[in-house]
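Take a look at the letters that make up each chain.
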Amino acid sequence: MDKLVSLCKRRGFVFQSSEIYGGLGSVWDYGPLGVELKKNIKDRWWRAMVHARDDIEGLDAAILMHPRVWEASGHVAGFTDPLVDCKTCKARFRADKLEDARCPQKPSKKPGEHSACELTEPRMFNLMFKTFMGPVEESASVIYLRPETAQGIYVNYQNVLNSSRQRVPFGIAQIGKAFRNEITPGNFIFRTREFEQMEMQFFVKPGSDEEWFERWREWRMAWHHSIGLEPAKLRWHIHGPGELAHYAKAAYDIEYEFPFGWNEIEGIHNRSDFDLGRHQEYSGKKLEYFDQATNERFLPYIVETSAGADRVTLTTLVDAYREEEVEGETRVVLGFHPSIAPIKAAVLPLVKKDGMPELADRLFHDLKRQFPCFYDDSGAIGRRYRRMDEAGTPFCCTIDGQSVTDGTVTVRERDAMTQVRVHQDQLIAFIRERVG
Ligand code: ATP
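Chains are numbered independently. Their residues run from 1 in the order of the written sequence. Per-residue local features of the predicted model are confined to residues with pLDDT of at least 70, and side-chain atom pairs are confined, for both listing and counting, to 80 or more; whole-chain, interface and lining totals are unaffected and use all residues. With hydrogens and water stripped out, all remaining heavy atoms of the structure feed into the side-chain values.

Draft legend 1. Quick peek at the environment of L276. Along the chain, L276 turns up in helix 8 (residues 274-283). L276 sits in the buried class, given a relative accessible area of 0%. Separated by 143 residues in sequence, L276 and Q419 have C-alpha atoms that sit 57 Å apart. What L276 contacts, discounting residues up to four positions off in sequence, is Y154, Y157, F203, L287, L299, P300 and I302. Here a helix means four or more residues in a row that DSSP labels H or I, a strand means two or more in a row labelled E, and each is numbered from the N terminus. Residue exposure (1.4 Å probe, protein chains only): buried if accessible area is under 20% of the type maximum, exposed if over 50%, otherwise partly exposed. Here a residue-residue contact requires only that any non-hydrogen atoms of the pair lie within 4.5 Å.

Draft legend 2. Examining the pattern of salt bridges more closely. For this analysis, a salt bridge means a side-chain nitrogen from Lys or Arg found within 4 Å of a carboxyl oxygen belonging to Asp or Glu. Applying the stated criterion across every chain, the model contains 37 salt bridges. Across the pair K38 and E196 runs a salt bridge whose closest N-O atoms are separated by 2.8 Å. Remark: E196 occurs in strand 10 (residues 194-204) and K38 occurs in helix 2 (residues 32-51); sequence separation between them is 158 residues. E196 gets classed as buried once you look at its relative accessible area, which sits at 10%. A salt bridge links D275 to R271, with the shortest nitrogen-to-oxygen separation between them at 2.8 Å. Three or more residues are tied together by salt bridges with common partners; here these are R322, E324, R331, R386, D389, R412, R414 and D415.

Draft legend 3. Just the packing of aromatic side chains, in detail. When the centres of two rings from Phe, Tyr and Trp lie within 6.5 Å, Trp using its six-membered ring, the rings pair. Their planes under 30 degrees apart give stacked, over 60 give edge-to-face, and anything left gives tilted. Under the criterion given, the structure shown has 18 aromatic pairs. Relative to W219, the ring of W216 lies with its centre 4.8 Å away and its plane at 85 degrees, an arrangement referred to as edge-to-face. Placement of the pair is W216 and W219 together in helix 7 (residues 209-226), with a separation of three residues, close to one helical turn. W219 sits in the partly exposed class, given a relative accessible area of 32%.

Draft legend 4. Fine view of the sheet that holds strand 16 (residues 301-308). A pair of strands is labelled paired if DSSP reports no fewer than 2 bridges between them. Read from one edge of the open sheet, seven strands run 3-9-10-16-13-12-11, paired in mixed fashion. Of all the strands in the sheet, just strand 3 (56-59) and strand 11 (234-238) have a single pairing partner and so form its edges. Geometrically, the sheet is characterised by an average inter-axis angle of 25 degrees between neighbouring strands, direction not taken into account. As paired elements, strand 10 and strand 16 share eight bridges and run antiparallel to each other. Paired with E199 across the strands is S306, a residue of strand 16. Interaxial angles span 0 to 180 degrees and are taken between N-to-C directions of axes, which are lines fitted to C-alpha atoms, for helices over the stretch in contact.

Draft legend 5. Geometry of the site of the ligand. Any residue with a heavy atom positioned within 4 Å of a molecule or strand is treated as near that molecule or strand. Not every one of the 15 residues close to the ligand is listed here, only the nearest: E182, R191, T192, E264 and G308. Pairs of N or O atoms are called polar contacts if they sit within 3.5 Å, as long as, within protein, a hydrogen donor faces a hydrogen acceptor (for residues adjacent in sequence, only side-chain-to-side-chain pairs). Taking R180, its side chain carries an N or O atom lying 3.0 Å from an oxygen atom of the ligand. R191 places a side-chain nitrogen or oxygen 2.6 Å from an oxygen atom of the ligand. Areas reported as accessible are Shrake-Rupley estimates using a 1.4 Å probe. Residue values count occlusion only from the protein chains shown. Taken by itself the ligand offers 590 Å² of open surface, and the protein chains cover 84% of this. Mapped onto the shell around the ligand, the elements with two or more residues apiece are strand 10, strand 13 (261-270) and strand 16. Of the residues forming the shell around the ligand, the biggest block, four residues, is contributed by strand 13. Asp, Glu, Lys and Arg are counted as charged, while Ala, Val, Leu, Ile, Met, Phe, Trp, Tyr, Cys and Pro are counted as nonpolar; the rest, among them Gly, fall into the polar class. The residue makeup of the shell around the ligand, split by class, is four nonpolar, five polar and six charged.

Draft legend 6. Fine view of the layout of surface pockets. Here the term cavity refers to a set of points on a 1 Å grid, laid over the protein atoms alone, in which a 1.4 Å probe fits but cannot get out; the term pocket refers to an open set having protein on both sides within 12 Å along at least five of seven lines, with lining residues being those that place an atom within 4 Å of a point. Grid points are joined across faces, edges and corners, and a volume is the space filled by probe spheres set on the points. Approximately 390 Å³ is the volume attributed to the second largest pocket. Lining the second largest pocket are 19 residues, and of these V69, V155, H279, S283 and K285 lie nearest its centre. Residues of the lining of the second largest pocket, tallied by class, amount to ten nonpolar, seven polar and two charged.

Draft legend 7. Expanded view of the sheet that holds strand 22 (residues 408-413). Strand order in this open sheet of five strands is 20-19-21-22-23, and the pairing throughout is mixed. Every other strand in the sheet has two partners, leaving strand 20 (373-375) and strand 23 (419-423) as the edge strands with one partner each. Across the sheet, the mean angle separating the axes of adjacent strands is 25 degrees when strand polarity is ignored. On top of the sheet, helix 11 (residues 381-391) reaches strand 19 (345-349), strand 20, strand 21 (395-399), strand 22 and strand 23; it is set at about 170 degrees to strand 19, its chief contact. Each of strand 19, strand 21, strand 22 and strand 23 touches helix 13 (residues 427-435); the most contacted strand, strand 21, lies at about 165 degrees to it.

Draft legend 8. Structural detail: empty space enclosed by the protein. In total, this model carries one cavity of 30 Å³ or more according to the counting rule given. As a volume, the largest cavity reaches approximately 50 Å³. Forming the walls of the largest cavity are C86, T88, C89, F93, C103, P104, Q105, P111, H114, A116, C117 and L119. Its residues assigned to classes, the lining of the largest cavity shows nine nonpolar, three polar and no charged.

Draft legend 9. Fine view of the nonpolar core. Each nonpolar core is a collection of buried residues, namely Ala, Val, Leu, Ile, Met, Phe, Trp, Tyr and Cys, held together in the definition by side-chain atoms within 4.5 Å. Membership of the largest hydrophobic core comes to 52 residues, with the highest contact counts inside it found for F13, M198 and F336. Leaving out residues up to four positions away in the same chain, F336 has contacts with F13, L37, T316, L317, A320, A341, P342, A391, G392 and R414. Formed by 20 residues, the second largest nonpolar core is a distinct cluster that contains V411, V422, F430 and I431.

Draft legend 10. Structural context of helix 7. In this scheme, a helix's expected span is set at 1.5 Å multiplied by one less than its residue total. The end-to-end C-alpha distance of helix 7 is 25 Å, a good match for the 26 Å that 18 residues give at a rise of 1.5 Å each. Every buried residue of helix 7 is accounted for by D209, W212, F213, W216, R217, R220, M221, W223 and H224. Along the axis of helix 7, the buried residues cluster in a sector spanning 165 degrees; they form a single face. Following helix 7 by one or two positions, G228 has its phi on the positive side, about 95 degrees. Here the arc refers to the directions that run from the helix axis out to each C-beta atom.

Draft legend 11. Structural context of helix 11. Taken together, the buried positions of helix 11 are occupied by R384, Y385, M388, D389, E390 and A391. Looking one or two residues beyond helix 11, the residue adopting positive phi is G392, at roughly 85 degrees.

In short, geometric facts, not functional conclusions.
Structure representation (structure tokens):
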């Protein structure tokens, strides 16, 4: 992880937020390469969940919502973690995660194990960020930054139904920011206080929910494979009776094997009719669905798929990172699936003379209109290849003496390091076919 975090900073994937002021705890900024990587992941998700299907609509609900939403959802009363303080060192821990924590004074021990530790009794701590709407800071104007995007979907379920041609079963998908005042955030962008979720809520007839749940489990795992994640590093974790959230009838997590252990990257939940039932009760608005084909009225069950865009981004970085021995030197490669690589191709004139820079410049601008590209004319060609390997760029196009005479360029592929000559007229099609 240390190597990855330092590469992310050096190459412009991820920076610490407000770094020049000493940083802000567990908040991160995405640099030029990171923003492209994360955007590609979100685009792939949107394509698979919205554009490729005819039974899912997109939505972009606001972060700020009516405070009653969070009472109905159960977040005001129950979105809490048990917190313990150490009176000696003033550190704070999640009482249910002490096993994974370290005593700041003696890191070989867990909190409470060192003779100087003095832990308080656990007290419940609500994870929602609170703020005020309008100029007066009083309890009547308290609102929350949403801790999940899902509620924006539930409260718009009828708007989407009435304005689209969808009929149950159908889904609503959304990508957006969520905020949680986590007690023990950490592991780089794995657990942060501000993050993005990619959530889809699928509304089904009660009784068909278990079948849909199984389908969604299969489709979501296949999606993680499709962005190139190593299947052997992905597994299912089923929530046992003691682990199930208050709203869930069944829940599975997709977990990835990180350097710090197996951890959740996406949850698939059968939420029954809990959410629409609660919003119906708290808002006083009827949220039942009338099925014209069968003349039945029912409150739809919901199958939810909920992934973190930042967590999946971290997963692709961890999964892609490798070091290899090549000609006595170590090369660091980010072997991203080409479809999510931030830069698709680099254009490299072999030398800065003999017509090569002019041809390279023209090709670069042609390519750049199609996909993100990078131009590099400084240093030995081997060094330039290494720089692109480290950024995860799948193709390097080298312009050499032969290019100027016959119009072909050398295309070097990142993983196998094989080279083929491609005519400049075919270059865009050649790369497009391979980056999806
Ligand atoms: P965890 O047990 O790791 O706290 P959770 O079970 O609370 O996660 P959910 O509420 O199911 O998570 O949220 C769905 C997804 O949102 C998670 O699978 C994860 O990818 C992402 N997510 C949740 N909390 C965070 C966070 N603090 N930072 C980054 N991503 C998060």
